[in-house]
Amino acid sequence: MPVDDLPETFHVTNDEQLRAVSNLTRHRIMAVLRFEPATITHIAERLGLAKGSSSYHVRLLERAGLIKVVRTRKVRGVTERYYAMAARSIVLPHPGEGAPDVLMRHAVADLEAAPLEQERHVRMAHLRLTEEQFAELGARLQALADEYQQLSDPSLPDASLVFALFHPARPEQGQKDGK
């Protein structure tokens with residue numbers, strides 16, 4: 001299947017898939033495959049992994065259905081496999097109450113690992129919004145992310161955009177729960 005013919009979304013629905021995306025190394029492998037197919041060797045080089053480790057993580061992602069082989073070729077008698085994402089985007093289930101948000105944990109880990117000399121834009125704002133304003137802001141953020149995702153060019157340097165718009169727990173809720 002050509003990469004252009006990928007389904008729009010893949011919904012993570014079972015424990016095997018959730019375990020696969022919960023690992024930071026596998027999250028980074030999927031980021032490599034986001035724009036173009038790659039071999040185990042290319043993935044290993046790009047992420048600074050041993051080929052064996054890269055192969056292990058790719059097998060788990062493939063078994064979970066999150067990535068797939070999109071092309072093969074023979075190189076000196078060995079079949080080289082090119083892997084790509086199984087869909088353009090992956091939809092994770094909402095974490096249960098008090099459970100960690102996998103996507104945000106990966107985003108923080110990637111931010112902490114990013115070179116300090118590179119430009120970055122990180123901001124947290126505490127807002128007081130009506131439900132209508134809250135919904136409008138969420139839709140605008142999503143539209144902006146979608147717009148720039150359409151402009152993405154695989155030949156350009158990687159950039160990550162993460163946003164979270166949510167209603168925080170009230171202080172009295174956190175105290176009751178012992179947090």
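Preceding this section is the structure that the text describes.
Since the structure is predicted, the reported quantities are computational estimates derived from the model, not experimental observations. (Residues numbered from 1 in each chain as written. Predicted model: local features only at pLDDT ≥ 70, side-chain atom pairs only at ≥ 80, totals over all residues. Heavy atoms only, no water.)

### Section: the overall build of the protein chain
The secondary structure content of the protein chain amounts to 7 helices and 4 strands. Along its sequence from the N terminus, the protein chain presents helices and strands in the succession β-α-α-α-α-β-β-β-α-α-α. Over its C-alpha atoms, taken along the principal directions, the protein chain stretches across nearly 65 × 35 × 35 Å. A fraction of 62% describes how many contacts in the protein chain between residues 6 or more apart in sequence connect residues 24 or more apart. Approximately 13300 Å² of the protein chain is accessible, and the part contributed by carbon and sulfur atoms is 52%. Of the side chains in the protein chain, 23 bear a positive and 24 a negative charge, and the two mean positions are spaced by 7 Å. (Helix = DSSP H or I, 4+ residues; strand = E, 2+ residues; numbered from the N terminus. Contact = heavy atoms within 4.5 Å. Areas by Shrake-Rupley, 256 points an atom, 1.4 Å probe, with all protein chains shown as cover. Lys, Arg positive; Asp, Glu negative; His and termini not counted. Charge placed at Lys NZ, Arg CZ, Asp CG, Glu CD.)

### A closer look at the pairing of strand β3 (residues 78–85)
Both strand β2 (residues 67–75) and β3 contribute to a ladder of 8 bridges, which runs antiparallel. Looking across to β3, one finds that Lys 68 is bridged to Ala 84. The turn joining β2 and β3, which pair antiparallel and follow one another in sequence, is formed by 2 residues; a positive phi near 50° is taken by Arg 76. (Pairing = 2+ DSSP bridges.)

### Examining the packing of aromatic side chains
Throughout the structure, instances matching the rule amount to 0 aromatic pairs. Lying over the aromatic face of Tyr 82, Arg 71 brings its terminal NZ or CZ to 4.2 Å of the ring centre. (Phe/Tyr/Trp six-rings, centres within 6.5 Å; stacked < 30°, edge-to-face > 60°. Lys NZ or Arg CZ within 6 Å of the ring centre and 35° of its normal.)

### Some details on the environment of Ser 55
Relative to the assigned elements, Ser 55 resides in helix α4 (residues 51–63). Residue classification places Ser 55 among the partly exposed residues on the basis of a relative accessible area of 23%. Spatially, the C-alpha atoms of Ser 55 and Ile 40 are 5.9 Å apart, while their sequence positions differ by 15 residues. (Buried < 20%, exposed > 50% of the residue type's maximum accessible area, 1.4 Å probe, protein only.)

### Description of a nonpolar patch on the surface
There is a patch of nonpolar side chains on the surface, built from Leu 144, Tyr 148 and Leu 151 and spanning about 340 Å² of accessible area. One can find Leu 151 in helix α6 (residues 131–151). A residue is classified by how much of its surface remains accessible, and Leu 151, at 56% relative accessible area, is exposed. (Patch = residues over 30% accessible without salt bridge, like charges linked within 9 Å, V, L, I, M, F, W, Y side chains within 5 Å. Salt bridge = Lys/Arg side-chain N within 4 Å of Asp/Glu carboxyl O.)

### Some thoughts on unusual backbone geometry
Across residues other than glycine, the phi torsion is negative in most instances, and most of the peptide bonds are trans. Phi angles above zero are rare outside glycine, and Arg 76 is one such case at about 50°. Mapped onto the elements, Arg 76 comes out in the loop between β2 and β3.

### Details of the side chain of His 27
Positionally, His 27 belongs in helix α2 (residues 24–33). Side-chain polar atoms of His 27 contact the side chain of Asp 110, separated by 2.8 Å. The residues contacting His 27, other than those within four sequence positions of it, are His 106 and Asp 110. (Polar contact = N/O pair within 3.5 Å; in protein donor to acceptor, adjacent residues only side chain to side chain.)

### Comments concerning the pattern of salt bridges
This model, assessed by the stated rule, comprises 5 salt bridges. Two residues, Asp 110 and Arg 28, come together in a salt bridge whose shortest N-O distance is 2.7 Å. Of this pair, Asp 110 sits in helix α5 (residues 102–113) while Arg 28 is found in helix α2, placing the two residues 82 residues apart along the sequence.

### Side note on the environment of Ala 159
With respect to the helices and strands, the residue Ala 159 is situated in the loop between α6 and α7 (171–176). Sequence separation between Ala 159 and Arg 120 is 39 residues, and the spatial gap between their C-alpha atoms is 9.4 Å.

### Some remarks on α4
Taking 1.5 Å of rise per residue, 13 residues should cover 18 Å, and α4 covers 18 Å from first to last C-alpha, within 8% of that figure. Among the residues making up α4, those that are buried are Ser 54, His 57, Val 58, Leu 60 and Leu 61. Projection of α4 onto a plane perpendicular to its axis shows the buried side chains occupying an angular sector of 160°, all on one side. Opposite the packed face of α4, turned more than 90 degrees from it, sit the exposed residues Lys 51, Gly 52 and Arg 63. Contacts from the buried residues of α4 go to α1 (15–22), α2, α3 (40–47), β2 and β3. (Expected span 1.5 Å × (residues − 1). Arc of directions from axis to C-beta.)

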